[in-house]
Each structure stands twice: as C-alpha cells, then as structure tokens.
Amino acid sequence: MAEEKKKKGSLKRKVLTWIIVLGISVTFASVLCGIFIFKHEISEVYNTEGYQIAATTEQFYGDDMKRYTDVLNRMIKGEDVAAEVEEIRSSERYKEIHDLQETLRRQMEVNDIYVCVVDYDNLLELQGVKENGCLYYVMDCYYMEEEEFAYGHVDNVNLNKMDIVEETWRTGIRTDSFIMINGKYGYNTTAFYPVLNEEGKTIAAIGVEVPMSTLQTDMAFFMLRVSLVSIIVVILIIWLMSASITRRVI
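Notes on the structure follow. (Residues numbered from 1 in each chain as written. Predicted model: local features only at pLDDT ≥ 70, side-chain atom pairs only at ≥ 80, totals over all residues. Heavy atoms only, no water.)

## Thoughts on the nonpolar core
With 46 residues, the main nonpolar core has Tyr-61, Tyr-68, Ile-113, Val-138, Tyr-151, Ile-206 and Val-208 as its most contacted residues. When residues no more than four places from it in sequence are discounted, the contact partners of Ile-206 are Ala-54, Thr-57, Glu-58, Ile-113, Tyr-114, Val-115, Ala-191, Phe-192, Tyr-193 and Val-195. (Core = buried A, V, L, I, M, F, W, Y, C linked by side-chain atoms within 4.5 Å. Buried < 20%, exposed > 50% of the residue type's maximum accessible area, 1.4 Å probe, protein only. Contact = heavy atoms within 4.5 Å.)

So this is what it looks like as structure tokens:
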C-alpha cells in the first residue's frame, strides 16, 4: 500500500513538473510572439507618422523646391554655384522655410527633418562604401546654424539606409520597409519621402527621424501585461489539471 502511494505520488510530481515546464514555455512563447507583432505594428504607425510629417514639410517649399534642387544638381555635375548657394543660405525665404520646418519638428517631437538631393549615379557606384558623399542638403532644420549641415553641404548616405534610398530615388515611390537604426539620435526610424516634379521624376527626398523611445517604453509595458496575463492563465491551467490528476491518482 505504501509502495503504491509512493508510486502515485512520484507520478503526480512528474506530471506536474511537465505541466509547469509547458506552462512556462507557453508564457515565454506568448511574450515573444506578442513583442514581434507589437513592434511591427507600432513601427508601422511611427513610419506612417513620419511620412505624414514629410508631406507637410514639402508644402513649405512650394516653387522654391525646384530652384533649390536645380542648384544642387548643377553642383553635383561640377558647376561653380558658390554664389547661388550663398545667396540661398542668406535669403529671408530660406530662413522662413527653416522656421516652419523647425516648428513642425518641435511640435511633432521628432529628432530631425531634412531635405536632400541624392547623387544617384555615384550612389550606384559606391554601394557599400561608408564615405560615399552622395547626400546634398537642401536643409537640415535642426542643424541649420552649423556650417556642416547648411544648404549645399555634402554628407554620406548611411549604409543601413542605402538600399531604401536607392529604391526610393529610382522609383519615386515611398518604401513600406522600416529604416530602423541606432545612430546619433539614438534608436529611431526614418521615413524617406520622395519629392516629384511635374514629370514624376524624383528631384528631392525628405527624411524624418522619428524617435523610438516611446516604442521601447510601450513595449516594456506590453511585455509586462502579456507576462502577467500568461502567468495567470498558466497557473489556472496548472491548478485545474493538478486537481484532475489528483482525483485520478487517488
């Protein structure tokens, strides 16, 4: 009799152990799946917001966008446009656009809004080259006071963005892919928005750096909620199964 009870008790412990292991595995899997789905959906929301901000930014320029980009395209071809670059930098209209763009950046709480022209031919030749010098600024509103980011400044296309920059510039269609990097602004996603002329050709692009700090905070709370719900469900299942097994063993 004692031996039989011992065997039943051992069987019960083994079954409960497997149930607990299964419960923990289910909880862990639920959290991982939840994080993946949550991150994708929220990232899409952030990216969409970035494109909306970019579309608003385009309206600030009006007909001046064509002039600003024409000068930069001539610069890319090697023409001497120093006088025109300086005239644009110091013009009241350029400063007015900057103020509108910077106000939008602050109101929408994004890290940066910049407008640029891409040296597409060089970009194709310099794929994978970090120091590529293929990005010509029309305006980087956050850093306008710094010479480094003034009108006509040449910068590098980030390697993490290169494929999407190339595709967007070539097709004139915004990509649905997320450009998510951890760079000088921290963890963020970039919306890269094409600006087209009347013929449908890409003449500029607007980049919006949307901070992802809120995403990280939301994700932490989401993980906590999913974990708590999963643990409660697993405990309930373990209790019900344990009660059922106990009745059967006895």
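## Notes on the pattern of salt bridges
Applying the stated criterion across every chain yields a total of ten salt bridges. Residues Arg-74 and Glu-84 are paired through a salt bridge, measuring 2.6 Å at the closest nitrogen-oxygen approach. In this pair, Arg-74 is assigned in helix α2 (residues 64-76) and Glu-84 in helix α3 (residues 82-90), connecting sequence segments ten residues apart. Linking Arg-106 and Glu-102 is a salt bridge whose minimum nitrogen-to-oxygen distance equals 2.9 Å. Of the two residues, Arg-106 and Glu-102 both sit in helix α4 (residues 92-108), four residues apart, roughly one turn of that helix. Taking the relative accessible area as the measure of exposure, Arg-106 reaches 57% and is therefore exposed. On the basis of relative accessibility, which here comes to 11%, the residue Glu-102 falls in the buried class. (Salt bridge = Lys/Arg side-chain N within 4 Å of Asp/Glu carboxyl O. Helix = DSSP H or I, 4+ residues; strand = E, 2+ residues; numbered from the N terminus.)

## Structural notes on the packing of aromatic side chains
Between two aromatic rings, the relevant description is the distance of the centres plus the angle of the planes. Counted under the stated rule, the structure contains five aromatic pairs. Consider the rings of Tyr-61 and Tyr-68, whose centres lie 6.2 Å apart with planes at 85°: the pair is edge-to-face. There is no split in this pair, since Tyr-61 and Tyr-68 are both buried. Pairwise contacts between aromatic rings join Tyr-61, Tyr-68, Tyr-94 and Tyr-151 into one cluster. (Phe/Tyr/Trp six-rings, centres within 6.5 Å; stacked < 30°, edge-to-face > 60°.)

## Re the packing of α2 against α3
Two quantities define a packed helix pair, namely the angle between the helix axes and the distance between the axes. It is at 10 Å that the axes of α2 and α3 come closest, and there the two elements cross at 150°. By the angle class used here, α2 and α3 are roughly antiparallel. Considering how the two elements wind past one another, α2 and α3 form a crossing that is left-handed. Contacts between α2 and α3 involve Arg-67, Tyr-68, Val-71, Arg-74 and Met-75 on the former and, on the latter, Glu-84, Val-85, Glu-87 and Ile-88. Looking at the contact of α2 with α3, its residues break down into five nonpolar, no polar and four charged. (Axes fitted to C-alpha atoms, helices over the stretch in contact; angles between N-to-C directions. Parallel < 35°, antiparallel > 145°, perpendicular 65-115°, else oblique. Left-handed = near helix turned anticlockwise from the far one by under 90°. Nonpolar A, V, L, I, M, F, W, Y, C, P; charged D, E, K, R; others polar.)

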